[in-house]
Every structure is written in structure tokens, then in C-alpha cells.
Amino acid sequence: MGGSFFALIVGFSWYSWLIGFFAIRSGWNNPFTGKLIVVADIVLTYQAMIFGMFTILGILGLIPAVTKALATGREVMDVIERVPEIRNSEAEKLVTKIEINDGIKFNNVAFRYPTAPASAKNVFDDATFTIKAGTSTAIVGPSGSGKSTIVQMLNRFYDPLAGTIRYGATDLKEIDLTTLRESIGWVGQEPVLVVGTIRENLQYGNKDASAGDVDRALRQANATFIEQLEKGLDTYVGSGTVLNLSGGQKQRIAIARALLKRPQILVLDEATSALDPKSEAEVQNAIMNIQHEQRGHLTIIMIAHRLTTVKNCDRICLLEHGRVSASGAFEELTQQSDTFREMARDV
């Protein structure tokens, strides 16, 4: 490629000077000045053509990047312009304040993912259970039993095929979606911290949070390690080249961010499953702090595969075969369910 380009430039140069020499010998006039063409005219013309050629070649090199940018932009716009199937009804007056004093109730819920084949089994069949308000409830079960699906349905990312989900006395479909999702704080398996300061990451939960709110959330989330950092809340995080936080430290920042949102419901979706034992213990202490300080005020829902994190929950619901097969405190379930007893063997 380099040799061909060099040959092209050399050939073009020789050809240009040959034409220029012929123009001078033949006594051609410069069409812009009306005077005879001289060597200076040839040099200027040659330079202009070389600069133009390099400009065109530079633009051609950008074509793959431009094409890729256009394709990516089209995908982004498709997401932005997509109209979700589940959205607020314009015909009904929606509830803009959630009251869950009576708990969150799943009544005879049946569900299968829209993309699943018609022959696939339902994730839920006649699932009925209640999550009591102001308490901590754990949802446990074998892999594929639908634990995380419950979280998606609580946010109304999907509607049940049959049955109802109620927040207190209100049907989930009657609640304004913005109100619903702003009332839920969520912490997933992999905490996401953007490049910026810890303070900026926390403000994604609540940009109007006061210094007292931040201190309270950090204390409840067992994230006081931030005070030991040289720049404290102004420490840059979000990239391994900036500050290498442990998984447990990132998770505790994520929990504090969720608490700053002042949610009515805090969902911990496999929040410790990707952590080492030391980090898991640190996050578990944070969860216990929240359970103690927010009892009666915050409804905590924990999705867990490992039972070490849910042992102190007020209530545990065991999912099996599309429904809740047993529920109760940890010790009660070890007596009621063979499946739970097997899961709890190493706890």
C-alpha cells in the first residue's frame, strides 16, 4: 500500500512538471492574469494540487469511521424513539402516590417472557405471596426459578399473563410508571460507577441530597471507608486507572446511592453473589445496618442464591416450580422444606 502510494505521488509529480514545462515552452497564458505562465505559476499549481490530493485521501480514510458512527447513531436513535409496549394509559387517572402499608401482593400470577416460544413453560403459575411493608423479605430458589423476574415485574417491565400485582390496595397497572420506578431503589450484582468523583456517583441517586443525607446514607451502607481516602468524597473512581476499589467497596457505594434516592422499596438483586468472602461480609454488615435502622420505614426485597445474606431477613419466600412453595423465617423453612434445607446445608 505504501509503495503504491509513493509511486502515485512520484508519477503525478513528473506528469505535472511535464505539463508545466510544455506550457512554458508553448507560451501559454495564465487564464486568471492574462500573462505568460512562468515557473512560479507551475509551483503554486503543483502545491495546490498536492494539498488537495492529501485532503481527499484524508477524507477517504475517515469513511469507515463515519460509516460506523452512522450505524451506531441509528441504533441509538432506534432506542430513543422506541415506544415501549408498557406505558401509562392516557384514558385513566393514574395514582401518583404509592401507599404500601398493606404490603405488595402477588395474587395468582402467571407469567412467561414474550420472547419465549409458545411451548415453553411459564416462569410463574398461580404464584401467590405477600411482601410485608417495612420488613425485609428474601426471595430464594434454584437457578431459573424466577427470582429476578419478580424484580422486573415489580418495576412493571412486564405485565402478568394472569393474576394481579398490588401495591397496597392499588393495582400495579393503575400506578404512574415514573412514580412507581422512582419509589424503588435497586442494587444489582455488578455495581456501576461512572468516571468521576464518589460524590458525583452518589448524586446520581439524588442530585439534591444534602451533606447530612450523604453522611447518613454512607453510614447505613457501611461505606465509611471513604473518609480514609485522601480526597474523601472528591476521590475519582469509575476506572481501574483512577482508583482500584474492591468489589465490596463499589457495592457499598451503590447501596448508598440507592438509599439517597429515599425509596419506599429497596431491591438487592444478587448484590453479594459476585463478591469474595471478605467483601461479602462487608456488604452483609451494610445490609444488616439498613435492616436495623430502616425497620418499619423501608421495605427491603433481597434476591439471593446464596443463603448467607438472607439468614437475618424477617421472612424468606422459596420459589419452586413457578410458585412460592414455602415461606417463613430461616429456622422455620429449614423445618418445612427439604429443598431449603438442602440449600442451607453450608450456611
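Whatever comes next refers back to the structure up there.
Residues numbered from 1 in each chain as written. Predicted model: local features only at pLDDT ≥ 70, side-chain atom pairs only at ≥ 80, totals over all residues. Heavy atoms only, no water.

Participant: What is the right way to read the pairing of strand β10 (residues 299–304) from this model?
Facilitator: A regular strand carries its side chains on alternate faces of the sheet. Of all the six residues making up β10, six are buried; the element is thus mostly covered by neighbouring parts of the structure. Neither face of β10 is open: one carries Thr299, Ile301 and Ile303, the other Ile300, Met302 and Ala304, and all of them are buried. As defined by bridge partners, strand β3 (residues 136–140) adjoins β10 across five bridges and the pair is classed as parallel. Residue pairing in the sheet places valine 140 in a bridge with alanine 304 of β10. (Buried < 20%, exposed > 50% of the residue type's maximum accessible area, 1.4 Å probe, protein only. Helix = DSSP H or I, 4+ residues; strand = E, 2+ residues; numbered from the N terminus. Pairing = 2+ DSSP bridges.)

Participant: Would you mind showing me how to read a nonpolar patch on the surface here?
Facilitator: Among the surface-exposed residues, Ile56, Leu57, Leu60 and Ile63 lie close enough to one another that they form a single nonpolar patch of about 340 Å² accessible area. Summarising the element assignment, isoleucine 63 is placed in helix α2 (residues 39–81). (Patch = residues over 30% accessible without salt bridge, like charges linked within 9 Å, V, L, I, M, F, W, Y side chains within 5 Å. Areas by Shrake-Rupley, 256 points an atom, 1.4 Å probe, with all protein chains shown as cover. Salt bridge = Lys/Arg side-chain N within 4 Å of Asp/Glu carboxyl O.)

Participant: Please clarify how the state of the cysteines should be interpreted in this entry.
Facilitator: Covalently bonding the sulfur atom of one cysteine to the sulfur atom of another cysteine gives a disulfide. Per the stated rule, a full pass over the model turns up zero disulfides. The structure places no disulfide on cysteine 313, whose sulfur is separated from the nearest cysteine sulfur, that of cysteine 317, by 10 Å. (Disulfide = S-S within 2.5 Å.)

Participant: How should the packing of helix α6 (residues 211–220) against helix α7 (residues 247–260) be read in this particular structure?
Facilitator: The description of two helices packed together rests on the angle between their axes and the distance between the axes. Put simply, α6 and α7 touch, their axes get as near as 8 Å, and they point 135° apart. In this view, α6 runs oblique relative to α7, as classed from their interaxial angle. In the crossing of α6 with α7, the sense of the turn from one axis to the other is right-handed. Residues Asp213, Val214, Ala217, Leu218 and Gln220 of α6 form the contact with α7, whose own contacting residues are Ala256, Leu259 and Leu260. (Axes fitted to C-alpha atoms, helices over the stretch in contact; angles between N-to-C directions. Parallel < 35°, antiparallel > 145°, perpendicular 65-115°, else oblique. Left-handed = near helix turned anticlockwise from the far one by under 90°. Contact = heavy atoms within 4.5 Å.)

Participant: Would you mind showing me how to read the pairing of strand β1 (residues 104–111) here?
Facilitator: In this structure, β1 lies alongside strand β2 (residues 124–131), joined through five bridges in antiparallel fashion. Each residue of the ladder has a partner; that of isoleucine 104, found in β2, is isoleucine 131. Pairing analysis gives five bridges linking β1 to strand β4 (residues 162–167), with the strands arranged antiparallel. Among the inter-strand pairings, alanine 110 is bridged to a residue of β4, identified as alanine 162.

Participant: How do you make sense of the sheet that holds β10 when you look at a structure like this?
Facilitator: Read across the sheet, six strands follow the order β6-β9-β10-β3-β11-β12 without closing on themselves; strand pairing throughout is mixed. Each having just a single partner strand, β6 (184–187) and β12 (323–328) make up the two edges of the open sheet. Between one strand axis and the next, the sheet turns through 20° on average, direction left out of account. Bridging between β6 and strand β9 (residues 265–269) involves four bridges; their strand directions are parallel. Bridge pairing in β9 places glycine 185 opposite leucine 266. The strands that α7 touches are β6 and β9; relative to β6, the one it contacts most, it runs at about 175°. Seen against the sheet, helix α8 (residues 277–293) touches β3, β9 and β10 and runs at an angle of roughly 150° to β10.

Participant: Got a minute to help me understand α7 in this structure?
Facilitator: Owing to its 3.6 residues per turn, the α-helix brings residues three or four apart onto one side. Here α7 is 14 residues long and its end C-alpha atoms lie 20 Å apart, about the 20 Å a rise of 1.5 Å per residue gives. Counted residue by residue, α7 has 11 buried out of 14 residues, so it is predominantly covered. Among the residues making up α7, those that are buried are Gly248, Gln251, Arg252, Ile253, Ala254, Ile255, Ala256, Arg257, Ala258, Leu259 and Leu260. Each element contacted by the buried residues of α7 is listed here: β6, α5 (198–203), α6, β9 and α8. Residue arginine 262 follows α7 closely and has a positive phi angle near 55°. (Expected span 1.5 Å × (residues − 1).)

Participant: It is not clear to me how the packing of aromatic side chains should be interpreted in this structure. Could you clarify?
Facilitator: What describes a pair of aromatic rings is the distance from one ring centre to the other and the angle between the planes of the rings. The full count for this structure, using the stated rule, is five aromatic pairs. Arranged with centres 5.0 Å apart and planes meeting at 75°, the rings of phenylalanine 111 and tyrosine 113 form a pair that is edge-to-face. For phenylalanine 111, a relative accessible area of 1% corresponds to the buried category. With 5.3 Å between their ring centres and 75° between their planes, phenylalanine 330 and phenylalanine 340 make a pair best called edge-to-face. (Phe/Tyr/Trp six-rings, centres within 6.5 Å; stacked < 30°, edge-to-face > 60°.)

Participant: I would appreciate a short explanation of the sheet that holds β4 in the present structure.
Facilitator: Strand pairing in a sheet relies on backbone hydrogen bonds, with the paired strands running either antiparallel or parallel. Spatially, β2-β1-β4-β5 is the arrangement adopted by the four strands of the open sheet, whose pairing is antiparallel. The sheet terminates laterally at β2 and β5 (170–171), the two strands that pair on one side only. Lying on the sheet, helix α3 (residues 147–154) is in contact with β1, β2 and β4; it crosses β1 at an angle near 110°.

Worth remembering: the numbers are spatial, not functional.
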